[in-house]
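# Chain and residue survey
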Amino acid sequence: MTVPQSTVCEIPAPRTVSVPRCVHCAQPLVDAAFAPYCCRGCRTVHAILQKAGLTRYYDLRRGPGLPPADLDSRRVDHKWLELIEDDRASDGGIRRIELDVQGIHCAACVWLIEELFRRHGGGARAGSMSLNPALGRVELRIAPEFPLSDWVDSVEGLGYLLGPARASNARPSDDLLLRVGICSALAANVMLFAAAVYVGLREGPIYELLNQLSYAAGALSMLVGGSVFIISALRALRRGMLHLDVPIALGIVLAFAGSTWAFFFASGHALYVDTLTVFIALMLVGRWLQQRMLERNRAQLLADDGTESLLTREVHDGIVRIVHCLGVKRGDRLLVAPGDLVPVDLVLDDDRARCSLDWIDGESRPRTFEKSSLVPAGAFNVGDRAFTGTAAMDFAASSLVGLLGRDPASEGDGPLATRWWSRLSRYYVIGVIVLAVVSIGHWWWRANPLFAIEVGTAVLVVTCPCAFGIAAPLAYELVLTQLRRAGVFVRVGDFLDRVRTMTRIVFDKTGTLTTGILEVVNPSVLDGLPDEFISVLYNMAARSAHPKSVAVRRALEGHRAARFAELEVEEHMGHGLSARSGGHRYRLGAPGWAASVRLDQGDVVFSVDGAALATLRTDEQLRPGARAEIDKLEEDGYELAILSGDAPSRVRALGASLGMREDACVGGQTPAQKAAYVRAHEPARTLLVGDGLNDQVAMQAAACSGTPAVNRPFMASRCDFYFVSPGLHPVAQVLRASDVLAQVVRRILAFAIAYNLVAVSIAMAGWMKPWVAAVLMPLSSLITLAYTVMMLSRRGLPWRS
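Residues numbered from 1 in each chain as written. Predicted model: local features only at pLDDT ≥ 70, side-chain atom pairs only at ≥ 80, totals over all residues. Heavy atoms only, no water.

## Overview of the overall build of the protein chain
- Secondary structure summary: the protein chain contains 24 helices and 27 strands in total.
- Buried residues in the protein chain amount to 56% of all 801 residues.
- Contacts in the protein chain between residues at least 24 apart in sequence constitute 70% of all its contacts with a sequence separation of at least 6.
- Carbon and sulfur atoms make up 56% of the accessible area of the protein chain, which totals about 33,900 Å². (Helix = DSSP H or I, 4+ residues; strand = E, 2+ residues; numbered from the N terminus. Buried < 20%, exposed > 50% of the residue type's maximum accessible area, 1.4 Å probe, protein only. Contact = heavy atoms within 4.5 Å. Areas by Shrake-Rupley, 256 points an atom, 1.4 Å probe, with all protein chains shown as cover.)

This is the structure in structure tokens:
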């Protein structure tokens, strides 16, 4: 199924309309919940920049930026930083440290990170910094006195993420760019030589020299540039595949073979070498365009080497040390600090522990575990203190190993390597070979072998797939660039081809349809409280990391009395918080404990001396504009479903608020059950959007996958695409962009077919001259390129709106 053309392509250019935009990132406002900001993250970062005097960031940034993730929802693991600090303390000299940076988008980001380095004492005495935004890599040379941890905290406080350097400096596009330069220079020189021949140079020593130099340049171009497509085509054939490199390689090889035959055994002239070198250069440009954008999107994320990068704290002989999880054995004692991931099933040694299992079952509310109970692998310590436990298994048997899955990009996303392109390549190869054989056979019988070989070579040259090799990659590049500016990052090369065939979209609940963070549903009940109560409530909530306390604190943000003040607060595990102020005892917590309130009135009560002051209800909030986006997707004909590990009643309630059918809202699912559900419902046409490790197995079963979880380890680096926008509109943007792209590519191919019909007819008739081929091939390429740019750079395209 594809999105109807009437809703996608024939869109008139809109009139200039003033669209409300976010004060921080300048993206259009999805809804007015955080106006004049598009999300909570933008509001937080904007306030930090203003307070720190870093507003020059907005002057340096060109055009809209991208919204940062909600800082409160991030789980940042800094055990790698502890290892670096230990090494610095034992060394005592200038240290060279390489770190990966996630979230750099422009020169303003570079300035911001460098300015923070300078403000923390970086400079001639304390050290230096070199930042490569293309690689997402920062190199530090710092003295012992430089506050590295404080600098990391300040950078991450603005929405960036830092981690140990794991990605390689080598990029495939760098090698391609070098080959593009060499082959372009060779093509330019060969064209100059050919021009002299075409205007009348037919004999003499200069002619012989230019002819020999042209053939030598053609051979070198084959070695440097043609080998890229030949090797790729051979690999595809060994795997029993036919992708677009096969006809490109076939055209290159046969055209060069024909030129070689003519040069050594026939006329002595290197026929069509000029056309061949230009073709190779253009094909390399197309390949480089395709590779470059995918690399840029992948470089936006911290490098992820799966389970090899996981660290944990082991307690051995009374000493705590940080070790790799791969070495954890059954019986090892582990220390899990606040915010840490539990790597294996642990038997709890402490009296209590509070953990979030949202990665496992999708439930956002934390759970309390008692002594000797089993804390499952994949849980996060969301309490305010560390706990210890004994590993119940080796790490090799941990459920995390299977949940992490594989990076789809690591499986080799060849250029335009879907079934459709494979069928097109097969027909193209067969058609070209048949036409060349027919031409050679006809003229061998009608004229002579030499002329027959020249005609066959002309057929092979003029049928070189320029539109496939450069116009189609350019179209993909333009779409990927526009999606990137909208905050959508495609990581896998053939994703835009695959996603066009999707008919079913399955959403996870917590963190995908919802923000994954609890919010106060009825904040208006706080409006009537006096300032003294607001001050006490804010300071109680601010001193707890419990999700419900965080929700209360957020609900009070912006109130004139919500200011930090001294207050002694005591936490009662499983019940809530208590404090004394002005001779009164305040409580914030569960109904029945804080005050005598019915459970149906709310789940958080603020009381003084046992009397309820405010009864609050907390719940996960939908992403901005989620209902409108769900409605649009249903109008476009997609079948939608919710698949969650959360309680079935909560999943159905959320689905009802979105107007979805009850039977399409499935809750209480384990990772294996999620995967089984996807396999039972047209997995080849399913796009799954999720944010937790419990979605990984199902994502491997689905044809396409995406995530908004850019700040969670492992998720974004194991999906076809990820997005940073606060709403759900990126899902529809990707679907509509893929459909428009397909329409443009089909028109490019239609032009290519028409061009080939005319050019092949001339060649088979024996009328094609080398200079005509040298003009026709670049001219057809320029026409397709101009059309591609015109169609995909228009305003009003559905994913740019």
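After that view, the rundown keeps rolling.
## Description of the sheet that holds strand β20 (residues 604–608)
- Spatially, β17-β18-β19-β20-β21 is the arrangement adopted by the 5 strands of the open sheet, whose pairing is antiparallel. A single partner strand is all that each edge strand has here, and the edge strands are β17 (569–572) and β21 (611–616). Strand-to-strand twist across the sheet, computed as the mean angle between neighbouring axes with direction ignored, equals 15°.
- Bridge count between β17 and strand β18 (residues 576–581): 4 bridges; the pairing is antiparallel. Across the sheet, His572 pairs through a bridge with Gly576, a residue of β18. (Pairing = 2+ DSSP bridges. Axes fitted to C-alpha atoms, helices over the stretch in contact; angles between N-to-C directions.)

## Observations concerning the environment of Lys79
- If you trace the backbone, Lys79 turns up in helix α3 (residues 79–91).
- Taking the relative accessible area as the measure of exposure, Lys79 reaches 2% and is therefore buried.
- Expressed as a C-alpha distance, the spacing of Lys79 and Leu310, which sit 231 residues apart in the sequence, is 9.4 Å.
- In this view, Lys79 contacts Leu311, Thr312, Arg313, Ile322 and Asp340; residues no more than four positions away in its chain are not counted.

## Some points on the sheet that holds strand β23 (residues 639–643)
- Taken together, the 7 strands give an open sheet; going across it, the order is β14-β27-β26-β25-β15-β23-β24, and neighbouring strands pair in mixed fashion. The outermost strands of the open sheet, each flanked by one partner alone, are β14 (488–490) and β24 (665–666).
- Two elements, β14 and strand β27 (residues 721–723), share 3 bridges in a ladder whose sense is antiparallel. Its bridge partner being in β27, Phe489 is matched across the sheet by Tyr722.

## Observations regarding unusual backbone geometry
- Positive phi values are uncommon outside glycine, yet Ala26 reaches one of about 65°.
- Within the secondary structure, Ala26 is located in the segment before α1 (40–51).
- In this model, Glu682 sits at a positive phi of 50°, which is unusual for a non-glycine residue.
- Relative to the assigned elements, Glu682 resides in the loop between α21 (671–679) and β25 (686–689).
- Its relative accessible area of 47% is what places Glu682 among the partly exposed residues.

## Thoughts on the pairing of strand β26 (residues 704–707)
- The side-chain alternation of β26 yields two buried faces, one formed by Cys704 and Gly706 and the other by Ser705 and Thr707.
- Bridge count between β26 and β27: 2 bridges; the pairing is parallel. Counted as the bridge partner of Gly706 is Phe721 from β27.

## A closer look at the packing of helix α17 (residues 531–542) against helix α18 (residues 547–556)
- The contact between α17 and α18 brings their axes to 8 Å, and the two run at 140°. For the element pair α17 / α18, the angle class is oblique. Between α17 and α18 lies a crossing whose hand is left-handed. Of α18, the residues touching α17 (which contributes Ile534, Leu537, Tyr538, Ala541 and Ala542) are Ser549, Val552, Arg553 and Leu556.
- Residues belonging to the contact of α17 with α18 are distributed by class as follows: 7 nonpolar, 1 polar and 1 charged. (Parallel < 35°, antiparallel > 145°, perpendicular 65-115°, else oblique. Left-handed = near helix turned anticlockwise from the far one by under 90°. Nonpolar A, V, L, I, M, F, W, Y, C, P; charged D, E, K, R; others polar.)

## Focus: α18
- Taken across its 10 residues, α18 has 8 buried, putting it largely inside the fold.
- Among the residues of α18, those classed as buried are Pro547, Ser549, Val550, Ala551, Val552, Arg553, Arg554 and Leu556.
- Backbone geometry just after α18 places Gly558 at a positive phi near 95°.

## With respect to the packing of helix α19 (residues 626–635) against helix α23 (residues 729–764)
- Running from N to C, α19 and α23 cross one another at 25°; their axes reach a closest spacing of 9 Å. Viewed along their axes, α19 and α23 adopt a mutual orientation that is roughly parallel. In this structure, α19 meets α23 at a crossing whose hand is left-handed. Seen from α19, the contacting residues are Glu629, Lys632 and Leu633; seen from α23, they are His729, Val731, Ala732, Leu735 and Arg736.

## Let's talk about the pairing of strand β6 (residues 319–324)
- Here strand β5 (residues 311–316) pairs with β6 via 6 bridges, running antiparallel. Across the sheet, the residue bridging to His316 is Ile319, located in β6.
- Where β5 hands over to β6, the hairpin turn is made up of 2 residues, of which Asp317 adopts a positive phi near 55°.

## A word on the confidence of the model for the protein chain
- With 86% of its residues at a pLDDT of at least 70, the protein chain reaches an overall mean of 81.
- Averaged over each element, pLDDT in the protein chain is lowest for helix α10 (residues 358–361) (69) and highest for strand β15 (residues 504–507) (95).
- pLDDT under 50 marks residues 411–415. Its contacts with residues more than four places away, or in other chains, come to 11 contacts. (pLDDT = per-residue confidence, 0-100.)

## Topic: the packing of aromatic side chains
- Applying the stated criterion to the full structure yields 12 aromatic pairs.
- Both rings, one in Phe117 and one in Trp151, keep their centres 6.0 Å apart while their planes meet at 85°; by these two values the pair is edge-to-face. Of this pair, Phe117 sits in helix α4 (residues 107–119) while Trp151 sits in helix α5 (residues 148–156), and the two are 34 residues apart along the sequence.
- Measuring from ring centre to ring centre gives 5.9 Å for Tyr586 and Phe606, while their planes differ by 10°; the resulting arrangement is stacked. Of this pair, Tyr586 sits in strand β19 (residues 584–589) while Phe606 sits in strand β20, placing them 20 residues apart in sequence. The same class applies to Tyr586 as to Phe606, namely buried. (Phe/Tyr/Trp six-rings, centres within 6.5 Å; stacked < 30°, edge-to-face > 60°.)

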